[in-house]
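For reference, the chains in residue letters:
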Amino acid sequence: MPKPGVFDFINKAKWDAWNALGSLPKETARQNYVDLVSSLSSSSESSSQGKPGADREQQEYENLVVTSEDGITKIMFNRPTRKNAISTQMYQEIMLALKAASKDDSTITVVTGNGDYYSSGNDLANFTDIPPGGVEEKAKQSAIMLRDFVDTFIDFPKPLIAVVNGPAVGISVTTLGLFDAVYASDKATFHTPFSHLGLSPEGCASYTFPKIMGPAKATEMLIFGKKLTAREACAQGLVTEVFPDSTFQKEVWTRLKAYSKLPQNSMRISKQVIRKIEKEKLHAVNAEECSVLQKRWLSDECMNATMNFLSKRSKL
Ligand SMILES: CCCCCC/C=C/C(=O)SCCNC(=O)CCNC(=O)[C@H](O)C(C)(C)COP(=O)(O)OP(=O)(O)OC[C@H]1O[C@@H](n2cnc3c(N)ncnc32)[C@H](O)[C@@H]1OP(=O)(O)O
């Protein structure tokens with residue numbers, strides 16, 4: 001439209017604003033506007049709840065350290081003395097942190113571990129906290145929580161990167177199939193000892209692993225509990241790239257900082273396009289795995305394996 005006159009303040013301001021966008025497509029401009037308003041409303045919500053000046057380190061968590069810097073939200077498992085085993089509370093905190101990260105103004109989200117482990121998987125003591133409804137009720141609650149937990153990864157809208165600093169076990173391995181990239185130290189290992197624990201796969205691994213590495217290699221991991229080195233996991237396609245432990249943090253974070261400067265909407269939309277065709281399938285697989293596990297947790301095989309670990313008679 002022609003440029004409005006100097007006294008038509010409102011329309012002139014709008015015209016100037018559109019003009020300043022140059023050839024930016026209308027849809028992109030609209031999305032940028034929506035993202036800006038969403039980020040303003042989420043930051044005003046968090047600043048009204050948080051401490052003044054605590055804008056880089058976000059909400060306080062007991063088992064996580066969550067920070068945002070350089071367009072990257074980092075969610076770090078923080079139970080190093082328990083090898084970052086995931087307690088019931090920690091599952092809830094991870095879901096909260098991922099939901100907050102999906103709405104914040106960061107470009108990419110990174111999950112990593114503090115200490116020598118990425119995570120030793122499910123905290124086996126989770127099954128000792130039996131509610132008044134008994135073990136059946138516990139299994140039911142756990143299946144609901146697990147389904148919500150894995151759904152959060154399936155639906156995560158931005159690039160989600162795992163920085164695997166050390167060994168990963170169980171659910172911390174299976175969920176890697178739902179990440180967009182997995183960078184690993186050469187000290188990391190990947191172990192899903194489900195049969196040893198009387199369990200069955202979760203985290204959509206019954207679908208993602210055969211797809212990623214082929215059915216035969218997936219069977220070795222998911223049924224026979226074969227532990228992979230980082231290089232083996234990379235050769236199977238589960239890991240994107242392996243770095244020497246001595247330079248791991250430096251090399252990975254340099255790369256991530258560069259990626260975080262790529263256009264945010266473009267990356268988000270590309271992820272949506274890639275994930276869209278799989279989403280329904282992944283949700284169905286997740287529901288089925290949780291329903292099977294609900295019964296497995298009540299089996300003698302699983303109860304004996306858990307008791308053996310908790311009474312210090314066994315380790316992986
Ligand atoms: C509830 C709903 C969701 C369920 C989802 C289904 C998920 C399934 C899985 O994730 S299956 C995998 C479960 N994980 C394991 O079986 C690992 C068990 N841990 C071990 O075998 C070992 O601890 C180890 C090999 C990981 C590490 O061995 P080591 O280097 O010798 O360290 P420690 O054993 O001394 O570990 C230090 C301290 O942490 C305790 N710990 C470690 N991992 C777990 C765990 N997964 N659950 C509970 N506790 C754990 C360990 O017992 C030590 O405690 P202590 O100092 O002895 O009190």
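Residues numbered from 1 in each chain as written. Predicted model: local features only at pLDDT ≥ 70, side-chain atom pairs only at ≥ 80, totals over all residues. Heavy atoms only, no water.

## Regarding the overall build of the chain
What the chain contains, in helices and strands, is 11 helices and nine strands. Once the C-alpha set of the chain is aligned to its principal axes, its extents read approximately 80 × 45 × 35 Å. Sorting the 316 residues of the chain into buried and exposed places 43% on the buried side. For the chain, the proportion of contacts with a sequence separation of at least 24, taken over those separated by at least 6, is 71%. Carbon and sulfur atoms provide 57% of the accessible area of the chain, an area that totals close to 16,900 Å². Counting 38 positive and 36 negative side-chain charges, the chain places the averaged centre of each group 2 Å from the other. (Helix = DSSP H or I, 4+ residues; strand = E, 2+ residues; numbered from the N terminus. Buried < 20%, exposed > 50% of the residue type's maximum accessible area, 1.4 Å probe, protein only. Contact = heavy atoms within 4.5 Å. Areas by Shrake-Rupley, 256 points an atom, 1.4 Å probe, with all protein chains shown as cover. Lys, Arg positive; Asp, Glu negative; His and termini not counted. Charge placed at Lys NZ, Arg CZ, Asp CG, Glu CD.)

## Here we look at the pattern of salt bridges
Enumeration over the complete set of coordinates arrives at 12 salt bridges. Here R79 and D123 are joined by a salt bridge, their closest N and O atoms 2.8 Å apart. Of this pair, R79 sits in the loop between β2 (72-77) and α3 (88-103) while D123 is found in the loop between β3 (108-113) and α4 (134-154), placing the two residues 44 residues apart along the sequence. The exposure class assigned to R79 is buried, which follows from its relative accessible area of 18%. Residue classification places D123 among the buried residues on the basis of a relative accessible area of 10%. The partner of D116 in a salt bridge is K83, with the nearest N and O atoms 3.1 Å apart. Of this pair, D116 sits in the loop between β3 and α4 while K83 sits in the loop between β2 and α3, and the two are 33 residues apart along the sequence. Among the residues examined, D116 registers a relative accessible area of 46% and is labelled partly exposed. (Salt bridge = Lys/Arg side-chain N within 4 Å of Asp/Glu carboxyl O.)

## Points about the sheet that holds strand β5 (residues 168-169)
Strand order in the open sheet formed by three strands is β5-β7-β8, and the pairing between neighbours is mixed. The sheet is open, and its two borders are formed by β5 and β8 (228-229), each paired with just one other strand. (Pairing = 2+ DSSP bridges.)

## Here we look at a nonpolar patch on the surface
Where nonpolar side chains cluster on the molecular surface, the patch consists of V6, F7, F9 and I10 and spans about 540 Å² of accessible area. Secondary-structure assignment places F9 in helix α1 (residues 9-20). (Patch = residues over 30% accessible without salt bridge, like charges linked within 9 Å, V, L, I, M, F, W, Y side chains within 5 Å.)

## Brief notes about the packing of aromatic side chains
Considering all chains together, one arrives at seven aromatic pairs under this definition. Ring centres of F149 and F153 lie 5.2 Å apart, and the angle between their planes is 65 degrees; this geometry places the pair in the edge-to-face category. Here F149 pairs with F153, and both are found in helix α4, just four residues apart, close to one helical turn. Residue classification places F149 among the buried residues on the basis of a relative accessible area of 2%. (Phe/Tyr/Trp six-rings, centres within 6.5 Å; stacked < 30°, edge-to-face > 60°.)

## Brief notes about helix α9 (residues 248-259)
Between its first and last C-alpha atoms α9 spans 16 Å; for 12 residues at 1.5 Å apiece the expected length is 16 Å, and the two agree. All buried positions along α9 are accounted for by F248, V252, W253 and L256. One side of α9 carries all its buried residues, which in axial view fall inside an arc of 100 degrees. Looking at α9, the residues exposed on the side facing more than 90 degrees away from the buried face are K250 and T254. Looking at the packing, one finds that the buried side of α9 touches β2, β3, β4 (160-164), β6 (181-185) and β9 (241-243). (Expected span 1.5 Å × (residues − 1). Arc of directions from axis to C-beta.)

## Observations regarding the packing of α4 against helix α10 (residues 264-296)
When two helices pack together, you describe them by how their axes are tilted relative to each other and by the distance separating the axes. At their nearest, the axes of α4 and α10 sit 9 Å apart, and the two run at 165 degrees to each other. In this view, α4 runs roughly antiparallel relative to α10, as classed from their interaxial angle. Considering only the axes of α4 and α10, their crossing is right-handed. Across the interface between the two elements, A139, K140, A143, L146, R147, V150, D151, F153 and I154 from α4 touch R275, K279, L282, H283, N286, A287, C290, L293 and Q294 from α10. Of the residues that constitute the contact of α4 with α10, the class distribution is 10 nonpolar, three polar and five charged. (Axes fitted to C-alpha atoms, helices over the stretch in contact; angles between N-to-C directions. Parallel < 35°, antiparallel > 145°, perpendicular 65-115°, else oblique. Left-handed = near helix turned anticlockwise from the far one by under 90°. Nonpolar A, V, L, I, M, F, W, Y, C, P; charged D, E, K, R; others polar.)

## Here's the deal with the nonpolar core
The biggest cluster of nonpolar side chains holds 58 residues, and the ones touching the most others in it are V164 and F190. With eight residues, the top contributor of residues to this core is α4. In terms of nonpolar packing, the next biggest core, distinct from the first, is built from 13 residues, V110, F248, V252 and L256 among them. (Core = buried A, V, L, I, M, F, W, Y, C linked by side-chain atoms within 4.5 Å.)

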